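Topology and contacts: notes
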Amino acid sequence: MSLSREQIAQRIAQELKDGYYVNLGIGIPTLVANYIPKGIEVLFQSENGLLGMGPFPTEDEVDPDLINAGKQTVTAVTGACFFSSAESFAMIRGGHVDLTVLGAFEVDQEGNIASWMIPGKLVKGMGGAMDLVAGAENIIVAMAHANKAGESKILKKCTLPLTGVNCVKKVVTDLAVLELKDGKFQLLERAPGVSIEEIQRLTEANLIIPDHVPEMRLSA
Amino acid sequence: MAAKLEGSSPRKGFNKVVSTYQEALAGFADGMTVMVGGFGLCGIPEGLIKTVSEMGVKNLTCISNNAGVDGFGLGLWLEHRQIKTMIASYVGENALFEQLFLSGEMQVILTPQGTLAEKIRAGGAGIPAFYTATGYGTVVAEGKDTREFNGRMYVLEESLRADFSLIRAWKADTMGNLIYRKTAMNFNPMMAAAGKITVAEVEEIVQPGELNPEHIHTPGIYVDRVIQGTFEKRIEQRTTR
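Notes on the structure follow. Each chain has its residues counted from 1, running along the sequence as written. Each chain gets a letter, beginning with A, and each ligand a number, beginning with 1, in the order they are written. Only residues with pLDDT of at least 70 are given local features in this predicted model, and only at 80 or more are side-chain atom pairs given and counted; all residues enter the totals for whole chains, interfaces and linings. Side-chain descriptors were evaluated using all non-hydrogen atoms of the structure, hydrogens and water having been removed beforehand.

**Section: the overall build of chain A**
What counts as a helix is a DSSP run of H or I of at least four residues, what counts as a strand is a run of E of at least two, and both are numbered from the N terminus. Per the secondary structure count, chain A includes five helices and 13 strands. Radius of gyration: over C-alpha atoms. The globule rule applied is 2.2 Å multiplied by the number of residues raised to the 0.38 power. On C-alpha atoms alone, chain A measures out to a radius of gyration of 17 Å, which is about the 17 Å that the 2.2 N^0.38 rule sets for 220 residues. Principal-axis analysis of the C-alpha atoms places the extent of chain A at approximately 50 × 40 × 30 Å. Type-normalised accessible area, obtained with a 1.4 Å probe on protein chains alone, sets the label of each residue: buried when under 20%, exposed when over 50%, and partly exposed for intermediate values. Burial status across chain A gives 55% buried among its 220 residues. A separation threshold of at least 6 residues defines the contact pool for chain A, and within that pool the share at least 24 residues apart is 61%. Any two residues whose heavy atoms approach within 4.5 Å are treated as being in contact.

Below, the structure is given as C-alpha cells:
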C-alpha cells in the first residue's frame, strides 16, 4: 500500500531531532507538525517572519496580524519571536535552519529540484522556495513517487524549470525513503506492502538497492 | 537631503504626522517606482493603497511581495491598470493579475522572496548589489553575473530603491519611530529605508517618549510622513482548529 499524505508526513516527522529549527513548506510538509515525536522539542520557522509557529488558532484567537507563509491564520508558541523578511531569509540563507521540508514536482539524481513552475500553466511565482533550497543544509523532499499516469518523478534529469541545483539529500515518497549519494539514489526504506520491484519500476533515476530494504515504521 | 521634503506639507522640526492621505501622497506621480509593504494582505497600508487607486496615477513600477486579491489591496491598482511593471515573489490568488500578465498589459519580474527582501534591504543600506546562491542554475540567474566563492556558485543581484515606499506599522511616535505588530512586520522595515519618500500608515500615533527607545523597529530617520490609518485587516485564509 502506498502511503497517504498523512503517512508521508508521519515518516518525515521521525527525522526531527530535539532542538531543531524547522521550516515546513506548503502541502504535505505542513502536516509534519502534527507528528512531532514524543519527548523532543522543535521550533517551526515561517519565512514571513515567525520563529515558533504554533497550531491554528481557536475562533477567539484569530489575529489577522499573525499568519504563516501560506497566509493562513496561526498562533505563536511561548518563546516565539517575530522579525522582518530580510532577517527571516538571513536565517534561511545563512544555514541557521536545521531542516527544511518541501514538496516538489520532480527531483533528479544530480540533486536538482523542480517545484515552482509548469510551462503552459500559470506561473504564480517561486515565493521563498528558491531561497530555502539554496540555504538549507538539510532538505527533505515530500512528494508522490510517480504521477497519475504512472510516470516517475524521481528522474535522471529534471524536465521542468528548476528551483535549485545540487541540493536534494533525502526524499520521502508514498512508496519509499530515498537518499542521494554520489549521484545515485539509495533505497533506504519501502512503504509497508510495497515491493522493491514496484519501486524500481516507478523510479527512472539510477537506484541502488541494498540486500535488505526494511519497511517503514509508521507507529509513533 | 532637502529633496526628500519636496512635495510634502510644511512641518515643524521632526513632527512627521500628516492629517490627510492627500498630504501623505503629495508628489506621488505617474511613472514612479513604489514599494508597498505587506505579506499577502497582512501588514499592508490599506488607506494609502486605496488613495493611490483613487488618484489614478499610472505606469507605476510596483515592488511588493504579492499583488493583493481581486478588489482589495494591490488588486485595486490592477483594476485601474496602474501598474506597468510588477516585481514580486508570488502572485497567485488573483484572477485579474493572471489576465493582465497573460495579455502582456503588465510586465512581471518574479524574484525569489529572500532575494527580494535582500535587494530592498541592500537598497536602503546603500549597497548596489550582492551575491547570493539563491536561484543559481535556474531561470532567475539568466543574464546575471555568477561567481564562485569557496567552491560554491553565486548570482549577482542588484539592489532596489523606490521613489515612494508605502508601509504599515502598528505604533508610531510623531517623530516617525515605528513598531510593528507580529507578522505584519514582514517587508515593511526594509522598504522604510529604501524609499526616497517613506510614508507610514499606522494604527496608533503617540508622543515622543511614549515608545520605549529599545523597542523601536524602524528608526524615524527612514520615515518622512506618518498618517493615522483605519484598517479592515482582511484575512486571506481564516484557518482555525
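**A closer look at the packing of helix α3 (residues 85-93) of chain A against helix α5 (residues 113-124) of chain B**
Angles run from 0 to 180 degrees between N-to-C directions of axes, and those axes are lines fitted to C-alpha atoms, restricted for helices to the stretch in contact. Interhelical geometry of α3 of chain A versus α5 of chain B gives an angle of 125° and a closest axis separation of 9 Å. It follows that α3 of chain A is oblique to α5 of chain B by the angle criterion. Judged by the sense of rotation from one axis to the other, the crossing of α3 of chain A with α5 of chain B is left-handed. On α5 of chain B, the residues touching S85, A86, F89 and R93 of chain A of α3 of chain A are Q113, G114, T115, A117, E118 and R121 of chain B. Tallied by class, residues from the contact of α3 of chain A with α5 of chain B come to three nonpolar, four polar and three charged. Roughly parallel means an angle under 35 degrees; roughly antiparallel, over 145; roughly perpendicular, 65 to 115; everything else is oblique. Each crossing is labelled by how the near helix is turned from the far one, with a counterclockwise turn of less than a right angle marking it left-handed and a clockwise turn marking it right-handed. For this scheme, ten residues count as nonpolar: Ala, Val, Leu, Ile, Met, Phe, Trp, Tyr, Cys and Pro. Four count as charged, namely Asp, Glu, Lys and Arg, and the remainder, Gly too, count as polar.

**A short note on the pattern of salt bridges**
Note on definitions: salt bridges are taken to be side-chain nitrogens of Lys or Arg within 4 Å of carboxyl oxygens of Asp or Glu. Following the criterion strictly, the structure yields 22 salt bridges over all chains and no others. K157 of chain A is the salt-bridge partner of E110 of chain A, the closest N and O atoms lying 3.1 Å from each other. You can see E110 of chain A sitting in the loop between β6 (106-108) and β7 (113-114) and its partner K157 of chain A sitting in the loop between β9 (154-155) and β10 (170-172), a full 47 residues away along the chain. One network of salt bridges, with partners in common, ties together D63 and D65 of chain A together with R168, R181, K182, E203 and K233 of chain B.

**Let's talk about the side chain of E106 of chain A**
All names here are of chain A. Within the element layout of this structure, E106 appears in strand β6. Positive charges are assigned to Lys and Arg, negative charges to Asp and Glu, while His and the chain termini are left out of the count. Buried and unpaired, E106 has no salt bridge, with K153 as the nearest side chain of opposite charge at 8.3 Å. Whenever a nitrogen or oxygen atom comes within 3.5 Å of another N or O atom, the pair is scored as a polar contact, on the condition that within protein one atom can donate a hydrogen and the other can accept it, and that pairs from neighbouring residues in sequence are kept only if both atoms are in side chains. A polar side-chain atom of E106 sits 3.1 Å from the main-chain amide nitrogen of L160. When neighbours within four sequence positions are excluded, E106 is seen to be in contact with N112, I113, A114, M143, K153, L155, C158, T159 and L160.

**Concerning the sheet that holds strand β8 (residues 139-142) of chain A**
Residues and elements named next belong to chain A. Read across the sheet, 10 strands follow the order β4-β3-β2-β1-β5-β8-β10-β11-β12-β13 without closing on themselves; strand pairing throughout is mixed. Since the sheet does not close on itself, it has two edges, and those belong to β4 (76-82) and β13 (207-208), each with one partner. Strands are labelled as partners when DSSP assigns at least two bridges between them. One ladder, built from two bridges, connects strand β2 (residues 42-46) with strand β3 (residues 50-53); its direction is antiparallel. Across the sheet, the residue bridging to Q45 is L51, located in β3.

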